[in-house]
Amino acid sequence: MLSQNPIVTFTILLLVILTLPPLFERLRLPGLVGLLVAGIVLGGDGLKLLDPETETMKLLSDIGKVYLMFVAGLEIDLAEFKKHKDRSLGFGVATFLFPIITGTLVAKIFGLGWNGAILTGSLLASHTLLGYPIVQQLGVVGNQAVTVTIGATIFTDIAALLVLAICVSINAGNFSVISLTIQLGSLAIYSVVILWGFQWLGKQFFRRTTNQESNQFLFILLVVFIAALGATVINVDKIVGSFLAGLAVNDVVGKSLVKDKINFVGSVLFIPCFFVNMGLLLDISAFINTFLTSFELTLSIILGLLGSKFLAAFFAQKIYHYNWNETMSMWSLSMPQVAATLAAALVGVQVGILPEAIFNSVIFLMLVTSILGPIITAKFASKLSLPEVDIESDRSLIWWETHQQIPEGLTEDVDENFNHNFVVLVPVYFSPLQTKYLIEMAAMLAKHEAGLVIPLSLVKGYLKMDSPQLNIALQQSYQRLNSVLDISKNFQIDTTPETRISDNFAKTISRTAREKNSSLIVMSWGNNTGIKARLFGNIIDQVFYSAHCPVAVMRLLEEPINIHRILVPVKNITPQALRTVRFAQLFADTNQASVTILHVCDRQTPEAQINKFYSQLSQLISQGNTEVKSRIKIIRYDDVAPVISKAARAYQLVILRSMRRRTAGGLSVSDVTTKVLSEITCSVVIFGEPYS
C-alpha cells in the first residue's frame, strides 16, 4: 500500500536523493551508484517500498530520462567543437565505428539477431564526459586532444541515438527501404526544425523577456518536452528529441542564471529519480545470474568497449600526431558509459529488442567505466601540457579601462562620473560595521586611482510614495549616507552619495553602476541562505550576473588599512585570473601590502611543466605594478581546498575568483572555493567579472 501512495513515493525519493549520493562520493564512488543501490534495496527484491510500475515512478523516470539527455546536449561546448570540428568529427567517427562494430560482433557471437546486435553495438559507441570536471580542474580543457574528445561527443551521441531510432522502427515491423527512407527523411526534417527553428525561437523569446528569468526557465522546459513529444510523432524515441533540444538552446541560455536553474532542477530531482528507477527495474537475482552464467558475455562487452575505445584513441594519435598522455586522456574521457547508454539500453529492453542479460551487462559496464575512466583521466591529464597563454599587453588586463568609456556624443562636462578614471559603487544596506569597512576599502582603491566613490543607499519601495513607512526608511537612508560621508572625509576623496527606492535591489545596483559608469562594485557578503536563495540565487548572485563591471564581494574582519598580507590562489593562467591578481596588487599598493600567489598542482605534474607555469606567471605579473612585493608559491597536492585553507592562516586577506557556480547560499563560486570559505578565518574577497 505504501508503494502505491504517490506522496510516500515522492518523500522516499527525496530522502534517497538527499542522503545517498554524498555518502557514496565519500567512498570515492560515483553518486549515481548510490541511487542505483537505493533502487535495488527499495524495490521488489528488497523492502518493496517503491514500485516501478506505479504512475508516479513512470512519470518521474520518464521526465528524468528526457532531462538527462537534454542536459547532455546543453553541456556540450559548441564553441570548442567549432575550433577543431574537423578533428572532432574524425575522432568522433573512429570512436563510434570501432565500438559499434565490436559490440555488434560480440552480440552476434552470443546469439542475438542483427537488430539487437546492432543496437548493442550502438550502446558502446556513445560516451559520457564524466572526466570533464577533472580536466577542468587541472586547467587542460584548452589542450587540443581534450577539446577534440569533447567535440566528438556530439557526433557519437547523435549517431548512437539515430541507430536506436532505426532499430526501434525495425522492431515495430515497419522496416523496408521505403519506410527507412521516410523515417530518415522525417528525422532530418525534424532535426532541422529543432536545431534551427527552436534556436531562433529561443533567441527571440529571450530577447523579448530579458528580465523574466522564471518565464525563460518555463520556456526552456516547454521546448524540451515539445521536442520529446515531436520525436514520438515520427516514431523516434523521446530521448533523441530532448538531446537535440539541448543542442538547440545551447547558445540561447549560454552561461546565464537560467542555465543554473535548469541544471539545479535536473541534478537535484528529475535525473536522480531516473537512476533510482533504473535500480528498481534491475532484477537482482537475474543480475547475479547474468554475472554467474553469462560472465563471458559481460566480460566480452566490457573488454570490447575498453579495447575499441582505445583503438579509436590510438587511431587519432597516428593521424593527428598526439603524444601518449594525450592519447590516454582521449581514451579515458571517451570511456564512461552513462547518460545515452543507460537511456538507450532502457528503451531497448522496454520495446523488447534487448534481452535482460544485455541490460544487466550494460549496468556492469556503467559501473566499471564510470569508476575506471575518471581514475585514468586524473593520472594522464595531469601530465598534459598547458595551453599557451595569449595575453596581448598589460593594459588589456586592467579591467576598468575597458569599461570607462565616454558614450559617443557625450562630453565630459555632462556627467562628473566621466571625469574620473575609477568609480567605485558601494551599496550600503548592510550592518554599520561592514559598511564602514566597505567604504574604507572603496576609498583606498579610489584614492589610489584618483577616482570617485558612490555610496548607494537602497530603500524598499512601497505602493504609495507618501507612505509613513517609506518616509521612515528614507530618513534612515539619509542617516546612513551621512555616516558614510564622515568616513570618506578621512580619506579626502570625491564622494557622491545616491539613494534609490527599489523593489529589486540587485537590478537597482547593476543599473546604477551602469548609469554612473562604475569601474567596480564593492559589496558585503550577505547571509541569505534560505530556500529562495538556493533556487533563484540571492542579491549577490544576481549582481554577479547582471553587472557590467567587476564585483568584489567582501567579508572583512578588520579595517582594510590594517591588512598587509594578501593571498591569491590561482589555478590557471587566464586573463580572468590575472585580473584578479591585478586587483590584489591594486589594493596592496594602497597599503604597502605584499601579495602571495598560490598555485596548487597535481602531485604527478612534471617538473618541466611547473617551471613553465612559474616562468609564464612571473613574466605576466612583472608587467603589473612593480612597486608591490609579489611572490609565487607552488605546492604539489591532490586536494586544493585544504592547501589554501592551511596557507590562509598566515595571511590577513584571501582573494578568490568567482567561477559562476552557486553554493547553497547563492554565491557564484567553485566547489573548491565553497570548501575554503567554510574553513578560513581571515578576511575574504570574492572577485567576479561580468558574464559577457
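So, on to the overall build of the protein. In terms of regular secondary structure, the protein is built from 27 helices and 11 strands. Residue burial in the protein is summarised as follows: out of 692 residues, 55% are buried. Here the contacts in the protein between residues at least 6 apart in sequence split such that 81% fall between residues at least 24 apart. Approximately 30,200 Å² of the protein is accessible, and the part contributed by carbon and sulfur atoms is 60%.

Looking at the protein, the pLDDT average stands at 79 and 85% of residues meet or exceed 70. Confidence scores differ between elements of the protein, with helix 22 (residues 531-536) showing the lowest mean pLDDT of 38 and strand 7 (residues 565-569) the highest of 92. A low-confidence stretch, residues 528-537 (pLDDT under 50), is modelled with 24 contacts involving residues beyond four sequence positions or located in other chains.

On the surface, Lys629, Arg631, Lys633, Lys646 and Arg649 cluster together into a positively charged patch. Broken down by element, the residue count for the positive patch peaks at 3 residues, all from strand 9 (residues 629-636). One can find Lys646 in helix 26 (residues 640-647). Among the residues examined, Lys646 registers a relative accessible area of 58% and is labelled exposed.

For the structure on display, the rule yields 1 cavity of 30 Å³ or more. By volume, the largest cavity amounts to about 30 Å³. For the largest cavity, the full set of lining residues is Ser122, Leu123, Ser126, Ala160, Leu161, Ala340 and Ala344. Elements with a minimum of two residues in the lining of the largest cavity: helix 6 (114-125), helix 8 (144-171) and helix 17 (339-350). Class assignment of the residues belonging to the lining of the largest cavity gives a composition of 5 nonpolar, 2 polar and no charged.

All right, on to unusual backbone geometry then. A positive phi angle is found at His321, which is not glycine, with a value near 60°. Residue position: His321 is located in the loop between helix 15 (295-320) and helix 16 (324-333). Under the relative-accessibility criterion, His321 is labelled exposed at 68%. The backbone phi angle of Gln492 is positive, close to 55°, even though this residue is not glycine. Its location among the elements puts Gln492 in the loop between helix 20 (468-489) and strand 3 (494-495). A relative accessible area of 69% places Gln492 in the exposed class.

Another aspect to go through is the packing of aromatic side chains. Geometrically, a pair of aromatic rings is defined through the distance of the ring centres and the angle of the planes. Tallying each qualifying case throughout the model produces 9 aromatic pairs. With 6.4 Å between their ring centres and 70° between their planes, Phe98 and Phe315 make a pair best called edge-to-face. Of this pair, Phe98 sits in helix 5 (residues 85-109) while Phe315 sits in helix 15, placing them 217 residues apart in sequence. Ring centres of Phe310 and Trp324 lie 6.3 Å apart, and the angle between their planes is 70°; this geometry places the pair in the edge-to-face category. Remark: Trp324 occurs in helix 16 and Phe310 occurs in helix 15; sequence separation between them is 14 residues. An aromatic cluster is built from Phe310, Phe314, Trp324 and Trp331, whose rings are joined through pairwise contacts.

With that out of the way, let us pick up the pairing of strand 1 (residues 423-427). Most of strand 1 is tucked away, with 5 of its 5 residues classed as buried. Going residue by residue along strand 1, you find Val423, Leu425 and Pro427 tucked away on one face and Val424 and Val426 tucked away on the opposite face as well. When strand 1 meets strand 2 (residues 452-460), the two strands line up parallel, connected through 5 bridges. Each bridged residue has a counterpart across the sheet, and for Val424 the counterpart in strand 2 is Val453.

Time to look at the nonpolar core. Proteins that are soluble and globular tend to have nonpolar side chains buried together. By size, the foremost hydrophobic cluster in this structure holds 117 residues, and its most contacted members are Phe70, Ile220, Ile262 and Phe275. By size, the runner-up hydrophobic cluster in this structure holds 50 residues, among which are Val424, Leu445, Val568 and Val685.

Time to look at helix 2 (residues 31-42). Between its terminal C-alpha atoms helix 2 stretches 17 Å, which fits the 16 Å expected from 12 residues at 1.5 Å a residue. Burial of helix 2 is extensive: 9 of the 12 residues sit out of reach of the surface. For helix 2, every residue scored as buried is listed here: Gly31, Leu32, Val33, Gly34, Leu35, Leu36, Ala38, Gly39 and Leu42. Those residues of helix 2 hidden inside the fold are in contact with helix 1 (6-26), helix 13 (257-281) and helix 18 (356-381).

Attention shifts here to the packing of helix 9 (residues 177-208) against helix 10 (residues 213-233). Look at helix 9 against helix 10: their axes get within 11 Å of each other, and the N-to-C directions meet at 165°. Looking at the two axes, helix 9 sits roughly antiparallel to helix 10. The crossing of helix 9 and helix 10 is right-handed. In contact with Tyr190, Ile194, Phe198, Leu201, Gly202, Phe205 and Phe206 of helix 9, helix 10 contributes Asn215, Gln216, Phe219, Ile220, Val223, Ile226, Ala227, Ala228, Gly230 and Ala231.

Our focus in this paragraph is a nonpolar patch on the surface. Together, Ile288, Phe291, Leu292, Phe295, Leu299 and Leu303 make up an exposed nonpolar region whose accessible area comes to about 560 Å². Looking at the nonpolar patch, the elements that each hand over two or more residues are helix 14 (284-293) and helix 15. Counting through the fold element by element, Leu299 comes out in helix 15. According to the relative accessible area criterion, Leu299 is partly exposed, its value standing at 36%.

Glancing now at helix 9. Between its terminal C-alpha atoms helix 9 stretches 45 Å, which fits the 46 Å expected from 32 residues at 1.5 Å a residue. At Gly197, helix 9 shows its maximal bend, which comes to roughly 25°. Among all positions in helix 9, only Gln183, Leu187, Tyr190, Ser191, Ile194, Phe198, Gln199, Gly202 and Phe206 are buried. Packed against the buried residues of helix 9 are helix 8, helix 10, helix 11 (238-248), helix 12 (250-253) and helix 13.

Attention shifts here to the packing of helix 21 (residues 505-515) against helix 23 (residues 539-546). At a closest axis distance of 8 Å, the pairing of helix 21 and helix 23 adopts a crossing angle of 35°. Our pair here, helix 21 against helix 23, has a crossing hand that is right-handed. Here helix 21 contributes Phe505, Ala506, Ile509 and Ser510 to the contact with helix 23, which in turn contributes Ile539, Gln542, Val543 and Ser546. Partitioned by chemical class, the residues of the contact of helix 21 with helix 23 number 5 nonpolar, 3 polar and no charged.

Attention shifts here to the environment of Glu607. Along the chain, the position of Glu607 falls in helix 25 (residues 607-622). Within the structure, the side chain of Glu607 is placed 3.1 Å from the side chain of Arg636, a separation counted as a polar contact.

Taken as a whole, this structure holds 7 salt bridges when the rule is applied. Across the pair Glu559 and Lys436 runs a salt bridge, and its minimum N-O distance is 3.3 Å. With Glu559 in the loop between strand 6 (551-555) and strand 7 and Lys436 in helix 19 (residues 432-448), the pair connects residues that are 123 residues apart, well separated along the chain. With relative accessibility at 28%, the residue Lys436 sits in the partly exposed group. A salt bridge links Glu498 to Lys516; the nearest nitrogen and oxygen atoms lie 3.2 Å apart.

This paragraph deals with the side chain of Glu326. Structurally, the position occupied by Glu326 is in helix 16. Salt bridges are absent for the buried Glu326, whose nearest opposite-charge side chain, Arg87, sits at 7.9 Å. In this view, Glu326 contacts Asn143, Ala145 and Leu384; residues no more than four positions away in its chain are not counted.

Definitions and cut-offs
- Residues numbered from 1 in each chain as written.
- Predicted model: local features only at pLDDT ≥ 70, side-chain atom pairs only at ≥ 80, totals over all residues.
- Heavy atoms only, no water.
- Helix = DSSP H or I, 4+ residues; strand = E, 2+ residues; numbered from the N terminus.
- Buried < 20%, exposed > 50% of the residue type's maximum accessible area, 1.4 Å probe, protein only.
- Contact = heavy atoms within 4.5 Å.
- Areas by Shrake-Rupley, 256 points an atom, 1.4 Å probe, with all protein chains shown as cover.
- pLDDT = per-residue confidence, 0-100.
- Patch = residues over 30% accessible without salt bridge, like charges linked within 9 Å, V, L, I, M, F, W, Y side chains within 5 Å.
- Salt bridge = Lys/Arg side-chain N within 4 Å of Asp/Glu carboxyl O.
- Lys, Arg positive; Asp, Glu negative; His and termini not counted.
- Charge placed at Lys NZ, Arg CZ, Asp CG, Glu CD.
- 1 Å grid on protein atoms, 1.4 Å probe; cavity = no way out; pocket = protein on both sides within 12 Å on 5 of 7 lines; lining within 4 Å.
- Points joined across faces, edges and corners; volume = space filled by probe spheres on them.
- Nonpolar A, V, L, I, M, F, W, Y, C, P; charged D, E, K, R; others polar.
- Phe/Tyr/Trp six-rings, centres within 6.5 Å; stacked < 30°, edge-to-face > 60°.
- Pairing = 2+ DSSP bridges.
- Core = buried A, V, L, I, M, F, W, Y, C linked by side-chain atoms within 4.5 Å.
- Expected span 1.5 Å × (residues − 1).
- Axes fitted to C-alpha atoms, helices over the stretch in contact; angles between N-to-C directions.
- Parallel < 35°, antiparallel > 145°, perpendicular 65-115°, else oblique.
- Left-handed = near helix turned anticlockwise from the far one by under 90°.
- Bend = angle between axes of the 7 residues up to and from the residue.
- Polar contact = N/O pair within 3.5 Å; in protein donor to acceptor, adjacent residues only side chain to side chain.

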